[in-house]
Structure formats: structure tokens, C-alpha cells
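Inside the fold
Each chain is listed here by its residues.
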Amino acid sequence: MMDAIGSQRALNYDVKLLWEYPQADAPAVDFEEPSSFKNRTGQSVRETIGLAQLKEPTVVRHFVRLSTKNYGIDNGFFPLGSCTMKHNPRLNEKTARMAGFAHIHPEQPVETVQGALALMYDLQKTLGEVTGLPAVSLAPAAGAHGELAGMMVIRRAHEAAGNTHKTVVLCPDSAHGTNPATAVTCGYTVRTIDTKGTGRLTVEAFKEALGDGKDVAGMMVTNPNTCGLFEREILEIVDLLHKAGGYFYCDGANFNALVGSIRPGDFGVDVMHLNLHKTFSTPHGGGGPGCGPICVTNELAAFLPVPHVVKQDDETYALERHRDTSLGRMKGFHGQFGMVVRAMTYILSHGADGLKQVSQDAVLSANYILSQLKSLYHVPYEGPCMHECLLTDKRQKEKGVTTLDIAKGLVEYGIHPMTVYFPLTASGAMLIEPTETESKEEIDRFIAIMKMFAQKVEAGDTDIFHEWPVSAPRRRLDEVKAAREPKLKYAK
Ligand SMILES: *Cc1c(COP(=O)(O)O)cnc(C)c1O
């Protein structure tokens, strides 16, 4: 009797696998057997691909119930540091779905897609304007893909100049993992700049890594950096780098802290990628594909990927499909066009003043959180912060409560955890990025929860921290085991 009643309570459904439904082999559609069947390809015929056979209402309920278990920016606060989980304005979706954008094909004659090319051209110009790096390619499909394209541009430039002895790329120890990975993928050796527990680059540390600079092809730095701090000595550092003949690659994932306020080209950046899905609000994570345009100086323009949208003397738009100096293609056709439409919509709906407001409000929100929590949590590097703030579990750990426990506690309270254990330079890191689109009410709730956690730990009330989450559909999972030994096949 109890089995028949099951575990479902209110809207909290326990969703089975498709194969576990009792009716899983009842055919959903009764097609007639084909009267004559000829195997014309000469290949062996597969009788079944083993899909569960279910009726439509069962399938619909299955997937709708699963979808209600997703947590995303549309459900609640998502302060995942370095990821800029801001609201995706619905206006972006509306324009991306307009027939003139959504129903065209990249192989169409260019005369029939002038509007789409004009939009791409305008976005190239606009991104060039906001970064101060006028030559732009929209081709890369994500931030990491943009890094690869950008470092390939740098390598091409060195090759063109005969600088084959330049084999080293400098990265700070706090770098996002994709930076050194990209440099290595491009055939470079990485030399680490030791920030010596200060959270920032110093001229001194940079000089140490640079050496005589003869072998240095470039430097990859995120600014503001992965600790949420602006690199104060960047001008002097870049000057030394340029004198040694190296290029400055800026990882632009944190551009939300700067957009509309300062132009990276003005602090010496030669190449930079932008994550349209972070700064310019196109959906990401489970929500959609990314787009990672690269912006470079005019000097490096010749090496950008093709195809590239150009405006001709008669004011029409064309595609430059081949350029001898180009690094080639990064992507099929022209990249993630839907993201381009969304980002342009976002930029136009904000305007220049609106974009400036974005970065100012993002920085304000993060500093508000920092100011409210700094007396209760250890702050590893002196502030103020930019668009994200960094705390650690140093004080709580003394009482047996770690960053992981705090993250699980946030799950209990219906908030997506902040980024945990990154950057690696701060032990037990909690990197919190509220973004400008979160209301003060939401931010205050997060602060109140974090304060309550710290007070519980102070009072020695720590048992519950190891239990959380208790209200979620699943408790603590063995995430490491799931990643190391994934079960990819269902076996009854
Ligand atoms: C997000 C991020 C990246 C990578 O971008 P993807 O679009 O996820 O590939 C690189 N560097 C930093 C600092 C980031 O935050």
C-alpha cells in the first residue's frame, strides 16, 4: 500500500529514469509495419535503439518535472564569482527571434542578409569602442575559445616578425585555469608570476618573472583579477612588457567591472576577449551557447580570424572570407549569431550612460556585500573590491565549518552558492559576484543568511552545517565520485 502511495509530496516530485516507468515498453505510437522493406544502403539494420516506449503525457510530465528541479538565474540569486550571472533581459530574446534574424542561413547570398551583416558590423564597431581595441572578430564561441583565438593572433604576429625565440607566456598564480591552458595549447611554456599572497601583481614580482624578457611572447592577465581586485600597477608592468617585445593579453571575463567606465586599450591591452554571455547578458551555463569575441589593436588586425564582416565604399556589407595573414577559421560559418543579436540589443537598450551604470552598480553591489560581511569572515586581500568580493573560511574552519559547508547551507536556503575554492591562491576561497541586476532586497537576504551562518559558528552551533542541505530533493552527493566514475549507461 505504501509503495503505491510513493514518496511524492506537494510539488516535490521524485523523478524516475524513463526506463523505470512500469509502462516503459508500451509502444507510444502504433505505426504499421512497412509492407515491403528494402535495405538499400547494404548496412546492417538495427532493430531498436533501446529508447523507452512511453505515452506522451508520461513523457511530458517526466521532462516538466525534471525542469522544475533546475536552478538558474530565473529562479533566484546566483552569486557565482567570475561568472557574471546577471539577468538576461527578455527583449534580447524577442529580437533574436525576429524572422529576419532567426530564419536566415549563413550560405544565403550576402545581398539578402544585409541587415544581419550590418548588425554584426555594428557590434564589431561597438565592442571596439568600449574596449578601445578597434579591430574585432565575433567568431569565437566562448571565453576560452576567444583566449585561444587571441593567443593565436599573438603567435601569428611573432611569427610574422620572425620572433621564434619568444616561447614563454607569463601568467599570475591567481589566473583562471583557462589562461595557462590556452598558452600551452598554443605551444607556449608558462612562467608563473608569484603574487606572494598579496592578491595583486607587483612590478617587482613581474620583473622577476620577466627576467631579461628575450623569451617572453606575452602575458595573460585578468583585470580586474580573479580576486576581484584592480591591478594597480598595470601601467608600469605593461610598459616593461612592451619594452621587452611582449604582448598583453587581457582576459576580459571580468569586463562587467569596467564596461562603460574605462577602456582596456587605454591601460595597454593588445588583445582581449569578451564574454558576451557574461558582460552583455546573453544566457549561459545551462541556458545557451556562449560567444567570445576578441578585440585587438589595429597593429594586430591582419591576423584576426575570417570570415570577417566589412563595410564597402558603397555602404553595403560584405564578408571577407580569406586573408593571407589571417589565423583562419575558429568556427563554422560566422559564429554564434543569436548571441550577437542579443548582445547588440543589450548594448543599444542600455546606451553609453546605461553601460557605465552597469559597471558602477556591479561594483557597488559587491562592495556592499564586502562591507557587511568583512567583520564576520576573513578577507584575504585588502579592498575595496571591484565587481566581486573574496572571503575565506579561515575563521569558521577553526570551529570545523568549511567553505563547502557554507555553500551547502546556501543550497538549503535556496541560493546558488558563490564560487568556492577559486582562486586557488586564497585557501577556502568564497568568491561572490552579485551583479548589478540583483535587487537590494535579494542581496540583503543573502547577507542576512551569511551573517546567521557566521553567528551560528561563533556560538558553536555547527552540527547542522554538516547536514545541509536537508530540504533539497537530494542531500550531499559524492560529486568527486560522480565525476570520476560517471555511470553513462543505464543498467537495470
Ligand atoms: C568565465 C571565464 C573564462 C572562460 O570563459 P568561458 O566562456 O566559460 O569559456 C575565462 N577566464 C575567466 C576569468 C572567466 O571568469
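Starting from 1, residues in each chain are numbered consecutively following that chain's sequence as written. For this predicted model, a pLDDT threshold of at least 70 governs which residues receive local features, and a threshold of 80 or more governs which side-chain atom pairs are given and counted, while totals over whole chains, interfaces and linings are taken from all residues. To obtain the side-chain values, all non-hydrogen atoms of the structure were included, while hydrogens and water were left out.

Notes on the overall build of the protein
- Helix and strand assignments follow DSSP, with helices taken as H or I runs no shorter than four residues and strands as E runs no shorter than two, numbered in order from the N terminus. If you tally the helices and strands in the protein, you get 14 helices and 12 strands.
- Here the globule rule is a power law, 2.2 Å times the number of residues to the power 0.38, and the radius of gyration is based on C-alpha atoms. The C-alpha radius of gyration computed for the protein amounts to 26 Å, which stays within 12% of the reference 23 Å derived for 492 residues, consistent with globular compactness.
- In terms of its C-alpha atoms, the protein occupies a principal-axis envelope of roughly 80 × 75 × 45 Å.
- Remark: exposure states derive from per-residue accessible area (1.4 Å probe, protein chains only) relative to the maximum for the residue type, with buried under 20%, exposed over 50%, and partly exposed in between. Looking at the 492 residues of the protein, the share that counts as buried comes to 47%.
- By definition in these notes, contact holds between two residues if any of their heavy atoms fall within 4.5 Å. Long-range contacts, defined here as pairs at least 24 residues apart, represent 70% of the contacts in the protein between residues at least 6 apart.
- Carbon and sulfur atoms provide 54% of the accessible area of the protein, an area that totals close to 24900 Å².
- The positive charge centre, built from 51 side chains, and the negative charge centre, built from 57, are 4 Å apart in the protein. Note on areas: Shrake-Rupley, 1.4 Å probe, and residue coverage restricted to the protein chains presented here. As used throughout, the charge tally considers Lys and Arg to be positive and Asp and Glu to be negative, leaving His and the chain termini uncounted. In this description, the location of a charge corresponds to atom NZ of lysine, CZ of arginine, CG of aspartate or CD of glutamate.

Let's talk about the site of the ligand
- If a single non-hydrogen atom of a residue is within 4 Å of a molecule or strand, that residue counts as near it. Close to the ligand lie Ser 82, Ala 142, Gly 143, Ala 144, Glu 147, His 176, Thr 178, Asp 251, Ala 253, Asn 275, His 277 and Lys 278, which account for all nearby residues.
- Take Asp 251: an N or O atom from its side chain is 2.5 Å from a nitrogen atom of the ligand.
- One of the side-chain nitrogen or oxygen atoms of Lys 278 is found 2.8 Å away from an oxygen atom of the ligand.
- About the coverage of the ligand: the protein hides 85% of its 380 Å² of free accessible area. Counted as a polar contact is a pair of N or O atoms within 3.5 Å, where, for protein atoms, one must be capable of donating a hydrogen and the other of accepting one, and residues adjacent in sequence contribute only when both atoms are in side chains.

Focus: the side chain of Arg 200
- When you line up the elements, Arg 200 lands in the loop between strand E3 (189-193) and helix H8 (203-210).
- The contact partners of Arg 200, leaving out residues within four places of it in the chain, are Thr 195, Asn 225, Leu 229, Phe 230, Glu 231, Arg 232, Glu 382 and Pro 384.

Examining the domain arrangement of the protein
- Each domain's limits were defined by an automated method or a database of domain assignments. Domain boundaries in the protein define domain 1 (1-38 + 46-68), domain 2 (90-349) and domain 3 (353-484).
- Accessible-area loss on putting two parts together, using a 1.4 Å probe and summing over both, is the definition of buried area adopted here. Each partner contributes to the roughly 1800 Å² buried at the junction of domain 2 and domain 3, and carbon and sulfur atoms together form 61% of this total.
- The salt bridge definition used is simple: a Lys or Arg side-chain nitrogen within 4 Å of an Asp or Glu carboxyl oxygen. At the boundary of domain 2 and domain 3, one finds 2 salt bridges.
- Linking Arg 200 and Glu 382 is a salt bridge whose minimum nitrogen-to-oxygen distance equals 3.8 Å.
- Linking domain 2 with domain 3 are 5 residue pairs in polar contact (both at pLDDT 80 or more), by the criterion used here.

Let's talk about the sheet that holds strand E12 (residues 429-432)
- Here the rule is simple: two strands pair whenever DSSP picks up at least two bridges between them. Pairing is antiparallel in the open sheet, where 3 strands are placed in the order E10-E12-E11. Edge positions in the open sheet fall to strand E10 (389-392) and strand E11 (419-420), since each of these has one partner strand only.
- Angles here are taken between N-to-C directions and fall from 0 to 180 degrees, while the axes themselves are lines fitted to C-alpha atoms, restricted in helices to the stretch in contact. Here helix H10 (residues 337-373) sits on the sheet in contact with E10 and E12, set at roughly 30 degrees to E10.

Focus: the packing of aromatic side chains
- Two rings from Phe, Tyr or Trp (for Trp, the six-membered ring) form a pair when their centres sit within 6.5 Å of each other. Planes less than 30 degrees apart are called stacked, planes more than 60 degrees apart edge-to-face, and all others tilted. Going through the model one piece at a time under the given rule, you end up with 12 aromatic pairs.
- Consider the rings of Phe 77 and Phe 446, whose centres lie 5.3 Å apart with planes at 75 degrees: the pair is edge-to-face. Highlighted residues: Phe 77 in the loop between helix H2 (56-67) and helix H3 (90-96) and Phe 446 in helix H13 (residues 440-458), separated in sequence by 369 residues.
- Take Phe 77: its relative accessible area is 1%, and that puts it in the buried class.
- Note on Phe 446: relative accessible area 0%, which makes it buried.
- Ring centres of Phe 465 and Trp 468 lie 4.9 Å apart, and the angle between their planes is 65 degrees; this geometry places the pair in the edge-to-face category.

Considerations on the pairing of E3
- Sheet topology places strand E2 (residues 168-172) next to E3; 5 bridges connect them, and they run parallel. Directly across from Leu 170, in E3, lies its bridge partner Arg 191.
- A clockwise course of the path from the first strand over the helix to the second, judged with the strands pointing away from the viewer, identifies a crossover as right-handed. The parallel pair E2 and E3 is bridged by helix H7 (residues 178-185), and the resulting crossover is right-handed.

Brief notes about the pattern of salt bridges
- Per the counting criterion, the structure on display carries 20 salt bridges.
- Among the ionic pairs, Lys 86 bridges to Glu 436, the shortest N-O distance being 2.8 Å. Of this pair, Lys 86 sits in the loop between H2 and H3 while Glu 436 sits in the loop between E12 and H13, and the two are 350 residues apart along the sequence.
- With a shortest N-O distance of 3.1 Å, Arg 191 and Asp 215 are connected by a salt bridge. With a gap of 24 residues between them, Arg 191 in strand E3 and Asp 215 in the loop between H8 and strand E4 (216-222) connect regions that are remote in the sequence.
- Residue class for Arg 191 comes out partly exposed when judged on its relative accessible area of 28%.
- For Asp 215, a relative accessible area of 22% translates into the label partly exposed.
- One salt-bridge network, in which partners are shared between bridges, spans Glu 93, Arg 97 and Arg 342.

Looking at the packing of H10 against H13
- Axis separation between H10 and H13 bottoms out at 10 Å; the angle between their running directions is 25 degrees. Regarding the angle of H10 to H13, the classification is roughly parallel. Crossing of H10 against H13: the hand is right-handed. Counted together, Ser 365, Tyr 368, Ile 369, Gln 372 and Leu 373 of H10 and Lys 440, Ile 443, Asp 444, Phe 446, Ile 447, Met 450 and Lys 451 of H13 form the full contact between these two elements. An angle below 35 degrees is treated as roughly parallel, one above 145 as roughly antiparallel, one from 65 to 115 as roughly perpendicular, and anything else as oblique. Each helix crossing is assigned a hand: it is left-handed if the near helix lies turned anticlockwise from the far helix by less than a right angle, otherwise right-handed if that turn is clockwise.

Considerations on a nonpolar patch on the surface
- The patch calculation keeps residues exceeding 30% relative accessible area without a salt bridge and links them within 9 Å when they carry like charges or within 5 Å when they are nonpolar (Val, Leu, Ile, Met, Phe, Trp, Tyr). Together, Leu 17, Trp 19 and Tyr 490 line one region of the surface with nonpolar side chains, adding up to about 260 Å² of accessible area.
- The class of Trp 19 is partly exposed, set by a relative accessible area of 34%.

What to know about the pairing of E2
- A large share of E2 lies buried, amounting to 5 of its 5 residues.
- Burial of the side chains of E2 extends over both faces: Val 168, Leu 170 and Pro 172 are buried on one face and Val 169 and Cys 171 on the other.
- Direction of pairing for E2 relative to E4: parallel, over a ladder of 3 bridges. Note on E4: the bridge partner recorded for Val 169 is Gly 218.

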